[in-house]
Amino acid sequence: MGFTCAQGVLTLLVLTAYMLAVGTASRPIAGRPANYWNFGFNHSFWGPRNGHPFHPNNNNTRPPKKFIVGGSDHWRYGFNYTDWALNNGPFYVNDTLVFKYDPPSKTTFPHSVYLLPNLRSFLTCDLSRAEQVATVAQGGGEGFEFVLKNWWPHYFVCGEHDGLHCKEGMMKFFVMPLLGPYHG
């Protein structure tokens, strides 16, 4: 079941009509300001304006938060980080993830932190195009801090033992930071 030419043309027409409607919804009436009618696109009566989290006059702000990945369990083999991310979200742009793990020794396995480029790499634990963001030595003490600076999915995995910790030890999770209800 593929995407036909007719479906592509129809999709293009719908998107064009949508963009035209949104673009003209707030056009001013000749000689009057754009918000003359005080309703419509961007001038809605729906809900309190200052109560919306992205309204410029909203005073319900919060500073960026720091999250210790895994909580008191830290970054270790066998912990379900997908559940942790779901239970500790939402995450916002400028929040910080702190990865804490023991440095390698005779009694502990080494861990690291890799950032994968896409969902496919995440699902298969493919490290071929991954970026190492923390080495095995950086998780000790106060841990390694990663700031969520961008508004796109971040796919984190442990890359040790050629991705074995990711594949079998559940040492992987992703977050999609939201645009924050704070001023930054």
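Above this text is the structure in question.
These numbers were taken from a predicted model, which means no experiment stands behind them. (Residues numbered from 1 in each chain as written. Predicted model: local features only at pLDDT ≥ 70, side-chain atom pairs only at ≥ 80, totals over all residues. Heavy atoms only, no water.)

A. Main features of the side chain of Ser-112. Counting through the fold element by element, Ser-112 comes out in the loop between strand S2 (96–99) and strand S3 (113–116). Accessibility expressed as a relative area gives 0% for Ser-112, which makes it buried. Within the structure, Ser-112 has its side chain in polar contact with the backbone nitrogen of Gly-159 (distance 3.3 Å). (Helix = DSSP H or I, 4+ residues; strand = E, 2+ residues; numbered from the N terminus. Buried < 20%, exposed > 50% of the residue type's maximum accessible area, 1.4 Å probe, protein only. Polar contact = N/O pair within 3.5 Å; in protein donor to acceptor, adjacent residues only side chain to side chain.)

B. Representation of the sheet that holds S3 within the structure. Strand order in the open sheet formed by 4 strands is S4-S3-S6-S7, with antiparallel pairing between adjacent strands. Since the sheet does not close on itself, it has two edges, and those belong to strand S4 (131–134) and strand S7 (172–175), each with one partner. In this sheet, adjacent strand axes meet at a mean angle of 30° when their direction is disregarded. As paired strands, strand S6 (residues 154–157) and S7 are joined by 4 bridges and run antiparallel to one another. (Pairing = 2+ DSSP bridges. Axes fitted to C-alpha atoms, helices over the stretch in contact; angles between N-to-C directions.)

C. How the structure looks around the packing of aromatic side chains. By the definition in use, this model includes 15 aromatic pairs. A centroid spacing of 6.1 Å and a plane angle of 75° characterise the contact between Trp-75 and Phe-173, whose relative ring orientation is edge-to-face. Here the residue Trp-75 occupies a position in the loop between strand S1 (66–68) and helix H2 (81–88), and Phe-173 occupies one in strand S7, the gap between them amounting to 98 residues. For Phe-173, a relative accessible area of 0% corresponds to the buried category. Chaining the aromatic ring pairs together yields one cluster made of Phe-67, Trp-75, Phe-79, Tyr-81, Trp-84, Phe-91, Phe-99, Phe-146, Phe-156 and Phe-173. The ring of Phe-122 has Lys-172 lying over it, and the distance from NZ or CZ to the ring centre is 4.9 Å. (Phe/Tyr/Trp six-rings, centres within 6.5 Å; stacked < 30°, edge-to-face > 60°. Lys NZ or Arg CZ within 6 Å of the ring centre and 35° of its normal.)

D. Quick look at unusual backbone geometry. With an omega of 5°, the peptide bond between Gly-89 and Pro-90 qualifies as cis. Considering the arrangement of structural elements, one finds Pro-90 in the loop between H2 and S2. Phi is positive for Asn-94, close to 85°, though the residue is something other than glycine. Tracing the backbone through its elements, the reader meets Asn-94 in the loop between H2 and S2. Its relative accessible area of 30% is what places Asn-94 among the partly exposed residues. The backbone phi angle of His-161 is positive, close to 55°, even though this residue is not glycine. Tracing the chain through its elements places His-161 in helix H4 (residues 160–168). Overall, His-161 belongs to the partly exposed group, its relative accessible area being 46%.

E. Examining the nonpolar core more closely. The biggest cluster of nonpolar side chains holds 23 residues, and the ones touching the most others in it are Trp-75, Trp-84, Leu-97, Phe-99, Phe-156 and Phe-173. Mapped by element, the contributors of at least two residues to this core are H2, S2, S3, S4, strand S5 (144–147) and S7. In terms of residue count, H2 provides more of this core than any other element does, 3 residues in total. Among the nonpolar cores identified, the runner-up in size contains 8 residues, and Tyr-114, Leu-116, Cys-125 and Cys-166 belong to it. (Core = buried A, V, L, I, M, F, W, Y, C linked by side-chain atoms within 4.5 Å.)

F. Main features of the sheet that holds S1. The strand order S1-S2-S5 describes an open sheet built from 3 strands, whose pairing is mixed. At either end of the open sheet lies a strand with only one pairing partner, and these are S1 and S5. Taken over all neighbouring pairs, the strand axes of this sheet differ in orientation by 25° on average, direction set aside. Sheet topology places S1 next to S2; 3 bridges connect them, and they run parallel. Looking across to S2, one finds that Phe-67 is bridged to Leu-97.

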